[in-house]
Every structure is written in C-alpha cells, then in structure tokens.
Amino acid sequence: MTAPLEYARASRWYGPVIALNDVSVAVPPGVTGLLGPNGAGKSTFLKLAAGLLAPSQGEVRLLGRPAWGSPEAFHRVGLCPEVDAFWEHLTGLEFLTALLRLTGFGEKECRERAENALHQVALHDAKDRKVGGYSKGMRQRVKLAQSIAHDPDVLLLDEPVSGMDPVNRRRVIDLVKKMGREGKTVVVSSHILHEVEAMTRRVLLIHNGRILAEGDVREIRDLMDEHPHTVSLRARDPRHLARAVVASPHVLSLSFGADGEWLTVQTARPDEFYSALPEAAVEAGVTEMYSPDEDLESVFRYLVAR
Amino acid sequence: MSALPGPAAGEAPPRDTTRPLAFLPAARGVFGLALEGMVWSRRSLLMAVLLGLPVVFALLYRGFLVAKVPARVTGLDLYAIIVAVYYVRNVLPLAALFYATSLIADEVEGRTLTYLLTRPLPRPAILAGKFAAYLGTTLALTLPALVATFLLLATARGFAGIGTAVPELFRDMGVVALALASYGALFTLLGVVLRRPVIPGLLFLFVWELVVHIPGYLPRLTLTGWLGSLVHHQPAEEGLAGLFQRQVLPVGEGLVVLLAASALFLALSVWVFSRREYVMEQ
Amino acid sequence: MPIYDQSYRRYEARGGLRQARFWPITREALRIVLAKRLFLVLLLASWLPLVVRMVQVYAVARFPEAGRLLPVDGRLFGEFLNQQILFTVFLSVFGGAGLVANDLRTGAILVYLSRPLTRRDYVLGKLGVLLSLNLSVTLVPGLLLYLVALALVPGQFAEWKLLWIGPAIVLHAFVIALSVSLLVLAVSALSRSARVAGLGFVGLFIGLEIVRGVLVTMADRPEAHVLSLLNNLRMVGNLLFGIAARGAAVPAALPPIVLALGALACLAVLRARVRAVEIVK
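Since the structure is predicted, the reported quantities are computational estimates derived from the model, not experimental observations.

As a further point, take the overall build of chain C. From N to C terminus, chain C includes 14 helices and zero strands. Secondary structure of chain C in N-to-C order comes out as α-α-α-α-α-α-α-α-α-α-α-α-α-α. C-alpha atoms of chain C, sized along the principal axes, occupy 90 × 55 × 35 Å. Sequence separation of at least 24 residues holds for 79% of the intrachain contacts in chain C that already meet a minimum separation of 6.

Structural data, given as structure tokens:
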C-alpha cells in the first residue's frame, strides 16, 4: 500500500539555488515532524506536498496522485501555511465558511464544520469578530482551524504553534497527537525542536535541502554509535559510582561536577551502560539522572556537523 | 477531530472527493468571495464616484437649464459625449485597469492565494469567478448610472422624441458591457503575466490607443477603435485631435473582434494562471 | 586597578534630535527607486521633450525666420513645464505610489516611529523622495533649457525685463512637484497596496480632468476649469509665463487657491493616516 505522501528523487531549485536535493521519502500515517534550521528546505518540502510548486526533477505523490496539478486532492488535504495572511474584512466564522464552501460543502454543513473547528482551536467566542482585529495567536489558530475544518486525511502544518501562548500551544499539540492517533497523516514543520518532540517521536531531519535522517528519534540516536552518549548522574557518593562503572570497556570517559555531586559518563554503548547501572546506582545513592543526548537537538547538531 | 453529522435532508449531496469541484459551482464560490471583497472596499468607493459622476453632470445640466444658464449642448448631445468620451474612451478602461490587473495580483500581494490554490478548485474556475466578480461589480456601478443619466438628459426639455432615443440607450448599455469585458480581459492577462501591470496598462491606454487617430490599418489594432465604432454618437474632436478624425470601423466586424479578443485574452490568462507557480513567503 | 570593570555603564551624554532627520528616509527610498531599470528608462523618456525644445531653440537661433512658426520666448518655458506635468504623474505612480502604502501594509510605520523620528519627519522624508523625482523632470530640465536659451539666443533672453523667467521656472516647477507629490502621498496613505494607490492616483488625476472636460462642454464656466489638478497646474503656468488660456476666463487667484486647498487636504489625510497603530473596529 502506498504511503499518503511520497517523494521519489524529488528536487526543486529556484534559479541556481537548490532548495530540495534528491529527496526520496515515504511519509506514513501518523504524526511526522519535519525539522530543520531556517533555510533548510522545510517550506519547499511542504509546498511540493501541497502542490503549490512542481518538482524540478523527480516526483511528489499525494494520496496516490501527483501533488502538482491535482486540485481534487484538497478534498482530503489541509494546509496550514506559515504566512500570516487573511481576508481581513471577514469574521473568523465567515473566513472558515467561505473556504468550506469552496471545498464543496452545503451551506448548513459549512456552518456546522466551521463552528466545530473554531471550538477545537478555542476561538468560538471570537467567531464574529473580524480577523483583522485578532491577536497573533488568534490569527494562528484560525489558520489552523481552516486546515482542519473539512476533516482532511492529510494535514500539512507549517509552524503551527508560532506566536501562540503556552496554553494554546498545548491545545494544538494535543490536537495534533489526537489526529495522529486517528490514523491521519500529519506533517508538522518546525525549527523548534522541543515543540516537535512534544508531538511525535517520528521525525524527518532536513538540512541544506537534503534529508539527514528519518525515523524514531531514539532509533536515529542509537544508530549514531560512533558519537559517544553522555549521561549525567547525581549521587550521594559519585566517586563510588565512578569506581563501579569505570571498569566497563564501553565507558570512554568520566568527569566530576564542580559541586562534587555529579558524575558525567561518556559511553559508546548506552544500552549496555543502562543495563549495568541499576546495581551501582543503588549503592552510590543516585538521586537524579539525565542524558542531554536523548533529545532531538543533540541528534540534529550531531547530524549537521557530520 | 470528532465525527461530524452528515448532510441533512435538502442539503447538498455527498461530495465526490475523487474530482475537483465542477467548474460552475467552483466559479460561483470564488465569485461570491471575490464580490464581497470588491464591493465593500475603498477602491470601489472611488470607482463608484467616477462611474456615477455622469448622474451629477446630468443633474447639473438640468440645474443650468432651470437657472437659465446658457448651455452649449443639448441634453442628448451631452449624453452622447458622456457615453463616447467619458465612459468608453476614458473611465471604463480605467475601471478595467483598476480592477482587472488586481484580480490575481491582490491575492498574491495579500498572500491569500494559497487558500484558493489549496481547495479542490480547478484553476480556470478561480480566474473565471474573479473575472465575473469584476464584471458584476463594474456593471452594477455603471449601468444604473448610465440609465439615470440618459433619463435625466433625454427628458431635459420634455419627453418628446425620447422613444426614438431609447434603443440608443440599450445599444450603449451593450457597448459599456463589451468595453468592460474586452478591457477587463486584456488587463486580466496583463495582471497574470506581469509582476507590475499598472505602467504597461497605462502606456497601452494613453500611448498605444492613440494610434486610433492614425489613418490606415492601425486603428484595428486598438480596442478603442472598435468600441468607438460601436457607439452611435461620435462627438467632433477638438484641438489637435480634431486634425486626426477617427475612422469608423464596421460594426458587425467590431462585435466579432471584441468578443473574440475578450475570449482570447481570457483564455490566455487562464492558460498562464493554470501553469504558474506562486511562492508566497512571509 | 589592573582589571577594568567591563560591565554595563550608562551613557551619560545628552543627545538632542538631529536636524535633518528626514534625510535618511529620502536617501534610502531614492536609492531603491533609482536601482530599478524601468524607472531609469522612464526618467530618460521624461527628458526627451527637453531635447526637442533644445532643438527648437537651436533652430530659431540658426534660422531666425523659424521663430515665426516655433516662437522662442518666455512662453516656451511655460509650455515645456506644462508638458512635463504628465511625466511627473508617471514617475510619481512608479516611484511614489507605494511609499506609504507599503509601510502601512507591513507595519513599518511603527518601526520608523520607534526611532527618534516624528510623524512630520516621516512625511517629510517620503515627500522628499517624490519632490526629488518630480523636480528632476521639471526644475532641472527647465533651468537647463533656460541656460541653453541664454547661451544660444542671448539677444532674446539676456535682458533685464526677461529676468523673471528664471524665478518663474523655479516657482512653477515647485508648484507642480509639490502638488503632484502631496496628492500621490495622500492617496498612498489611503491604501495598503502600492498598485491600488497608483491606480487610485491615476484615476483621480485623469478622472478630474475628464470631469472638467465634460463640464466645460456643458457650460464653459470658470468653476469647471479649476476642478482638475492638471488644468490648475497649467493655468498657474499660463499665468506665470503669459500664455493665453482657452475657454472661460478664470480669476487669476483661483487656481493657486484651489491648489493650496488641495495641498492642505492632502496634509490632513496624511496626518490622519500616518499612525503607528491602526485600530480595527
């Protein structure tokens, strides 16, 4: 069965500048984070998926048909663009109903769907206010609402939580996760790694127009075995802990914190290290543990620097 | 997202999600959205003033007559000048330039084109809907003013002879519609092809269209030449332009040429718009 | 102490506002406009009538009998400047229609006014752009033509009684430039789109001229003649350079008064629209 969104050796250039370079990827149902710094090619990736651009080379297929030149796909696809642009004279409700009308819904259903979508993004109370008078966060939410109002199977979100306060950001993250659980294909583009981490563990890392890596964050991390894994532990007796772990052949280095409570270990085999840790941890009185290399940022930094 | 209720009785049938919306419903949807944006805008206020000004002229003329101020022309002559000079040669082309160059350019500049391009709409329907909105708006602003002007001026000295003049009114209404359609189609094409269509549009109107005064074949390459020939009343030119009287081109040919030109410009516009990529950046 | 304190220190100097605060706005905007090739083509085309007039002056200098067909006297400069009015319209649309409109659309006015600039500086800066462009096709070629005339036909122009021509050229050029510039700026302030502002300005400019034409056809009254900006500017030129006007006699004071009122109206529009924040109701 074909994936809802597929890139087959797709490239796109603007004049002499290559925005996307020989990308082959199949985006499965669920939430996929599209990560990369500014200028990496995320927007181009999404615009190709949304059929707003044609690939200069290769193919991009959306729901089994070419993304470019297939407007029928938009019955089942929603796009939340990054640009902050609206028909400012319309109210939030009018904005959504107008777009739903253009998607082919009847008048009554347009209104119902519009109100439902505005509820989902907590904008129902402001539905009769002109979009021109909305705050930045409200504008972002109404943009998201128009992308979900027609219940699409594929959702392309370009920086969806940009400009939102923490409460609404949480609401959107929960909404995205819920849509992923329902089997929809959601691609979320962002350069803010912890936001994407909150939504999904499946990521596509993009840099300079190329895909650096794709898959589960942990799996990507595990594959980077030549890059030492750092673990920091806080213990009652860090030196006792150090004696316990230093004998292991996969421990590459140890260092102590300035306060005398922390031990930082570098290991080439994190899984084996974690397996051997519990006994030593109890004896040394470990109270806290974290690994800066578990997060996406370190994965990304490492991949970019390669 | 939670499941929504299906369509109730009397509502539209379920959507066919394997095809884009049919051309007519799609164009109608875009027409409604575009019309709302066009009608309640500052730009339309200016156009309403310009297109409705002849009513003021007619009222002024009637006022001059009442005040026994010597008028230089009869009411019907003034009506002829308003149609031929004010509307067909000047204001209608300006109105077309004003609206038609902006049909797509406004959406690009406002970065709202993305919303239209990510709906299941065939691209030709988007342009058709917007063009229909332009035509509807301009006709709605012009035709009532034209009729009111005619009635005020044709009856300035009583109702005698008005019956013979009424067919002229209907003819002029047709010419107005054709002028808006042909100039509109041309400027729609300019607006879709060029990033900055205003200056070329102005150069077309105020430089190229002047060749209508040159004898020979060149007037046939202007829109004003054909439109002017459809207007029954041709006021005499004054000043330098009087040295170069316009040719009167065949009426039947004019109708065909103008309709064909409008269709061609629109078809080209649709062709270019359907193939163009629009990249809207923050 | 060998190690100096590198922490933040308050700037104690007193700084007043600079004098020519508007100048950076004008300079940068001019730089952007002059970088466009199409604009330079327009500018060059605007100077073509100067070449034609110079040829006219030369022809009269060379063949004095030609002066009967193409008179070279004080009126030459008035006619030349009146012709240049249309070029100021083109240049203003191209280079000036978006000056305020683009800033309104992008919210850049807030950025300007968060600097030590007043609204007056902002308007002066933008006006400076348009004045520079318009004077470059009126004042500069007008004075050049005068110099050429002085050089080629000194017997005709190097006389005390014709000394008024120089100041008249300067005055008329400034009246044209200021009137057109203020109107473009006011229309630009009424829109958020450079294109709509440009078209609006053209519509207003040409529309008023058409209205004048129709009203004059109805009944040639002086009031009709002052409705059009183009005609008012021409009448000022006719007045300054002694060119006989066609149509009903218009009181000499009326065109300048109408132009002054128009300028005040434009300034009122700018005052109302140039604000850092717009309240959306």
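Below, the discussion takes up the interface of chain B and chain C. Buried accessible area, meaning the area lost when the parts come together, often serves as the stated size of an interface. Contact residues are listed per partner, giving 29 residues for chain B and 22 residues for chain C. Here the residues of the side of chain B that touches chain C are counted per class, giving 23 nonpolar, two polar and four charged.

This part is about unusual backbone geometry. Residue and element names in this part refer to chain A. Positive phi outside glycine occurs at A122, with the angle close to 55 degrees. The exposure class assigned to A122 is partly exposed, which follows from the 16 C-beta atoms found within 10 Å. A positive phi is found at E159, a non-glycine position, where the angle reads about 50 degrees. Within the secondary structure, E159 sits in the loop between β7 (154–158) and α5 (166–181). For E159, a count of 21 C-beta atoms within 10 Å corresponds to the buried category.

This brings us to the sheet that holds strand β13 (residues 262–267) of chain A. The pairing of strands in a sheet happens through backbone hydrogen bonds and is either parallel or antiparallel. Residue and element names in this part refer to chain A. Strand order in this open sheet of four strands is β12-β13-β11-β14, and the pairing throughout is antiparallel. In this open sheet, the two strands that pair with only one neighbour each are β12 (251–256) and β14 (286–290). Adjacent strand axes in the sheet meet at a mean angle of 20 degrees when their direction is disregarded. Two elements, strand β11 (residues 229–235) and β13, share six bridges in a ladder whose sense is antiparallel. The residue bridging V231 from the neighbouring strand is V265, located in β13. Across the sheet, helix α9 (residues 270–284) touches β11, β13 and β14, and the angle it forms with β11 is around 10 degrees.

Another point: the confidence of the model for chain A. Averaged over every residue, the pLDDT of chain A is 88; residues scoring 70 or more account for 95%. When mean pLDDT is compared element by element in chain A, helix α2 (residues 92–101) of chain A scores highest at 96, while helix α10 (residues 296–305) of chain A scores lowest at 69.

Residues at a pLDDT of 70 or more form 93% of chain C, whose mean pLDDT is 87. Complex prediction metrics read pTM 0.82 and ipTM 0.83.

Let us look at the environment of T138 of chain C. Residue and element names in this part refer to chain C. Tracing the backbone through its elements, the reader meets T138 in the loop between α7 (119–136) and α8 (139–152). Residue T138 is classed as buried on the basis of its 26 C-beta neighbours within 10 Å. In this structure, the C-alpha to C-alpha distance between T138 and F87, residues 51 residues apart in sequence, is 9.0 Å. Setting aside its immediate chain neighbours within four residues, T138 contacts L81, Q84, T88, A173, I176 and A177.

The interface is formed by 34 residues belonging to chain A together with 34 residues belonging to chain B. At the level of elements, α2 and α3 (107–120) of chain A are the ones that each hand at least two residues to the side of chain A that touches chain B. For the side of chain A that touches chain B, the leading source of residues is α3 of chain A, giving six residues.

Looking now at the packing of α2 of chain A against helix α4 (residues 136–148) of chain A. All names here are of chain A. Running from amino to carboxyl end, α2 crosses α4 at an angle of 25 degrees, the nearest separation of the two axes being 10 Å. Taken together, α2 and α4 sit at an angle that is classed as roughly parallel. The crossing of α2 and α4 is right-handed. Between α2 and α4, the residues in contact are G92, F95, L96 and L99 and V142, A145 and Q146, respectively. Among the residues forming the contact of α2 with α4, the class breakdown is five nonpolar, two polar and no charged.

Taken as a whole, chain A is organised into domain 1 (5–222) and domain 2 (224–305). The centre of domain 1 of chain A, based on its C-alpha atoms, is set 38 Å off from the matching centre of domain 2 of chain A.

Residues A49 of chain A, V30 of chain B together with L185 of chain C are the most contacted members of the largest nonpolar core, which totals 239 residues. It is helix α3 (residues 75–100) of chain B that contributes the most residues to this core, 20 residues altogether. Among residues more than four places away in sequence, those in contact with V30 of chain B are L102 of chain A together with L116, L121, A125, I126, G129 and K130 of chain B. In this structure, L233, A235, L241 and A284 of chain A belong to the second largest nonpolar core, which totals nine residues.

Residue and element names in this part refer to chain A. Pairing analysis gives seven bridges linking strand β1 (residues 5–14) to strand β2 (residues 17–27), with the strands arranged antiparallel. Opposite R12, over in β2, you have L20 as the bridge partner. Hairpin connection of β1 to β2: two residues between the antiparallel strands, including G15 at a positive phi of 60 degrees.

A separate point is helix α3 (residues 48–62) of chain C. Residues that lie three or four places apart on an α-helix share one face, since the helix turns once every 3.6 residues. Residues and elements named next belong to chain C. For α3, with 15 residues, the first-to-last C-alpha span of 21 Å sits near the 21 Å given by 1.5 Å per residue. Among the residues making up α3, those that are buried are R53, Q56, V57 and V60. Along the axis of α3, the buried residues cluster in a sector spanning 95 degrees; they form a single face. Facing away from the buried side of α3 by more than 90 degrees, the exposed set consists of L48, V51, V55 and R62.

Turning next to the sheet that holds strand β8 (residues 185–190) of chain A. All names here are of chain A. Reading across from one edge, β6-β7-β8-β3-β9-β10 is the order of the six strands in this open sheet, with mixed pairing throughout. Two strands close off the open sheet at either side, each with one partner strand: β6 (77–80) and β10 (210–216). Along the sheet, successive strands turn relative to each other by an average axial angle of 15 degrees, direction set aside. Docked against the sheet, α4 engages β6 and β7, running at close to 170 degrees with respect to β6.

Attention now goes to the pairing of β13 of chain A. If a strand is regular, its side chains alternate between the two faces of the sheet. Residue and element names in this part refer to chain A. Side chains of β13 alternate between two faces, with L263, V265 and T267 buried and W262, T264 and Q266 left unburied. The pairing of β12 with β13 spans five bridges and is antiparallel. Bridge pairing links F256 to L263 in β13. In textbook terms, the turn of a hairpin is the stretch between consecutive antiparallel strands, and for β12 and β13 this stretch comprises five residues, one of which, G260, has a positive phi near 80 degrees.

Conventions used here
All residue numbers refer to position in the chain's written sequence, counted from 1. Think of it this way: whatever chain is written first is A, whatever ligand is written first is 1, and the rest follow in order. At least 70 in pLDDT is required for a residue's local features to be given in this predicted model, at least 80 for side-chain atom pairs to be given and counted, and no such filter applies to totals for whole chains, interfaces and linings, which use all residues. Comment: elements are numbered from the N terminus, with helices defined as DSSP H or I runs of at least four residues and strands as E runs of at least two. Contact definition: two residues whose C-beta atoms, as placed from backbone geometry, lie within 7 Å. All amino acids are sorted into three groups, where Ala, Val, Leu, Ile, Met, Phe, Trp, Tyr, Cys and Pro are nonpolar, Asp, Glu, Lys and Arg are charged, and the leftover types, Gly among them, are polar. Buried residues are those with 20 or more other C-beta atoms within 10 Å of their own C-beta, exposed residues have 12 or fewer, and partly exposed residues lie in between; C-beta atoms are placed from the backbone. DSSP calls a pair of strands paired once it identifies at least 2 bridges connecting them. Fitted lines through C-alpha atoms give the axes, limited to the stretch in contact for helices. The angle between two N-to-C directions lies from 0 to 180 degrees. Scored from 0 to 100, pLDDT reflects the predictor's confidence in each residue. Each angle is binned into one of four classes, with values under 35 degrees roughly parallel, values over 145 roughly antiparallel, values of 65 to 115 roughly perpendicular, and all other values oblique. Crossing handedness follows the turn of the near helix against the far one: under a right angle anticlockwise gives a left-handed crossing, and clockwise gives a right-handed one. Boundary definitions for the domains trace back to an automatic or database domain assignment. For our purposes the nonpolar core covers buried Ala, Val, Leu, Ile, Met, Phe, Trp, Tyr and Cys residues that link as a set through C-beta atoms within 7 Å. Residue count minus one, scaled by 1.5 Å, sets the expected span of a helix. This arc is taken over the directions from the axis of the helix to the C-beta atoms.

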